[in-house]
Amino acid sequence: MAGEPEAGSGTGTETGDPGHGGLGSHPERETDQKRTGNPVINWMENLSEAAYAYLLLLPAFALLTLIAFYPLIRTFIMSLRRDETRGADPLGGFVGIDNYVDILTGNARLARQFVDISLSSSFPFVELGVPFLQQALFVTLGFAILSVFFETVIGFGQAYVLDQDFRGRRWVRVAIILPWAVPIVIQGMIFYLLFQPGVGFGSDLMQWLGIFGPNPLADSQDAFIIILVADIWKSAAFMALLILAGLQSIDRSLYDVARVAGASPWQRFKMITLPLVLPALLVAMLFRTMDAMRVYGLIESTAGCASVPSLTCLVVEAMFGGTRIFATAAAVAFATALVIGLIISVYVFFFRDTEGGLY
C-alpha cells in the first residue's frame, strides 16, 4: 500500500539504528547493561591504560619477588648471624653487621683463601690494605669495566659490518656468533690448554714476546689478562647481536635524506646512527656489566680463583672451601648484590632521559 514502508527498508525502531530513535539512541541503557555483570570486571574496565598494564604485570612481579627477592632477603638474614664451624647448625647467634665489618676491615677468615698481593704488584692490582677490597672487589670491578668497554667497541664494529649488504654476510654472521655458542667450561678449557706451558703455543709465544712469564696461569696479572681476553672473545658476539638489532631498526630513508643534504659518513653516524642505536647499546652494556660482575665459571675453568679472585669466587670458597663460614659467605654474597644494584642505579640515573632507553 502507498505510504507503507517497503519490506526490508526498516525503521529506526525496528533496526535499532542510532540515527532513527532505536536502541542506539539510549547510551545510558548500554552503560547499564555493561554494569550489570561482575563488579570486578566493571572495576577493571574503568582503569586507566597504565593501571591496567600494571595489573597485568602483577603476577610477573609477584613471581619475581618470590624467585629473586626472597632468596636475597634470606641471604641478608643469614649474614647477620655468627659463623658456626662446629656442631650440626652452620649458623650461630645474631651478631648484627659484625660480618660486614670483619670483611671490610680484613678480620674475616676470607683472606687465607687467596694469594697475597703486595705493593710490588703492578696493574691491575692495587694495595688497598683490605683483602676484600684489594683482591675480590677490585679484581671484579676491573674485569667488568675493561671487558664491557672492549666488548662494546668490538661488538659495535662487528654489528656495523653485519648491518651492511655484502656477499657472504650470512657466513660472516655465523663466524661472529659462533664464540657465543661455546659453553663457558669449554671456553675455559680452550684458553687453559692454549696457555698451559708445554701444551699450547700461547704461553711460549707470549713469553718470547716478553709479555707473560713462564707459567702465566699461575701468575695473577698474566691470568687476569688471559681471562679478560677469553671473555672478550666470547661476549663481544652478544654485544654485536643486540647492537645489530638496534641498527636494523633504523629507518634507511634517514640516510638517503642525509646523503641528499650532503652529510658526510661521520655526520650520518654521529647524527643518525649513534642516537638511534643508543638505547639498544645501553641495554647491552647493562646486561654485560651485570654478567661480568658475577664472573666465576670462566675464572675457575681457566686459571682458578687462587690466581684471579672475584667476588663470586669469594662466596664459593667461603661456602664450599671446607671452612663452614656460611654467615660470612652470605655477607659477601649480599655485598656483591649491593654492588651490582649500585651499578644498575648508576646506569638508570645517567641514562634515564635517553629516548627509548632506561627509565
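Residues numbered from 1 in each chain as written. Predicted model: local features only at pLDDT ≥ 70, side-chain atom pairs only at ≥ 80, totals over all residues. Heavy atoms only, no water.

## Notes on the state of the cysteines
Disulfide: a covalent bond connecting the sulfur atoms of a pair of cysteines. The criterion, for reference: Pairs of cysteine sulfur atoms within 2.5 Å are what we label disulfides. Note on classification: 1.4 Å probe, protein chains only; a residue is buried when its accessible area is under 20% of the maximum for its type, exposed when over 50%, partly exposed between these limits.
Throughout the structure, instances matching the rule amount to one disulfide. Paired by a disulfide, Cys 305 and Cys 313 hold their sulfur atoms 2.1 Å apart. Disulfide Cys 305 to Cys 313: torsion about the S-S bond roughly -65 degrees, handedness left-handed. You'll find Cys 305 and Cys 313 in the same group, each marked buried.

## Some words on the nonpolar core
The condition is simple: By nonpolar core we mean a set of buried residues, namely Ala, Val, Leu, Ile, Met, Phe, Trp, Tyr and Cys, connected to one another through side-chain atoms within 4.5 Å. Counting from the N terminus, the helices are DSSP H or I runs at least four residues long and the strands are E runs at least two residues long. Contacts: residue pairs with any heavy atoms within 4.5 Å of one another.
Ranked by size, the top nonpolar core spans 61 residues in total, and within it Phe 143, Phe 195, Ile 227, Ile 243, Ile 299 and Val 308 carry the most contacts. Sorting the residues of this core by element identifies α5 (98-105), α6 (131-162), α10 (220-248), α11 (253-260), α12 (265-293), α13 (297-302), α14 (311-320) and α15 (326-350) as the ones contributing at least two each. Counting residues per element, this core draws most heavily on α10, at 13 residues. Excluding its chain neighbours within four sequence positions, the residues that come into contact with Ile 227 are Phe 143, Leu 298, Ile 299, Thr 302, Ala 303 and Val 308.

## Regarding the packing of α10 against α12
Here is the rule: Helix axes are fitted to C-alpha atoms over the stretch in contact, other axes to C-alpha atoms as well, and angles between N-to-C directions run from 0 to 180 degrees. Orientation is classified from the angle alone, with under 35 degrees giving roughly parallel, over 145 giving roughly antiparallel, 65 to 115 giving roughly perpendicular, and any other angle giving oblique. Take the far helix as your reference; a near helix turned counterclockwise from it by less than a right angle gives a left-handed crossing, and one turned clockwise gives a right-handed crossing. Residues are sorted three ways: Asp, Glu, Lys and Arg are charged, Ala, Val, Leu, Ile, Met, Phe, Trp, Tyr, Cys and Pro are nonpolar, and all the rest, Gly among them, are polar.
Axis separation between α10 and α12 bottoms out at 9 Å; the angle between their running directions is 140 degrees. The angle between α10 and α12 falls in the class oblique. Along this stretch, α10 crosses α12, giving a crossing that reads as right-handed. Every residue of α12 that contacts α10 at Asp 231, Ser 235, Phe 238, Met 239, Leu 242, Ile 243, Gly 246 and Leu 247 is listed here: Thr 273, Val 277, Ala 280, Leu 281, Ala 284, Met 285, Phe 287 and Arg 288. Residues of the contact of α10 with α12, tallied by class, amount to eleven nonpolar, three polar and two charged.

From the geometry alone we can't say anything about function, so treat these as descriptive.
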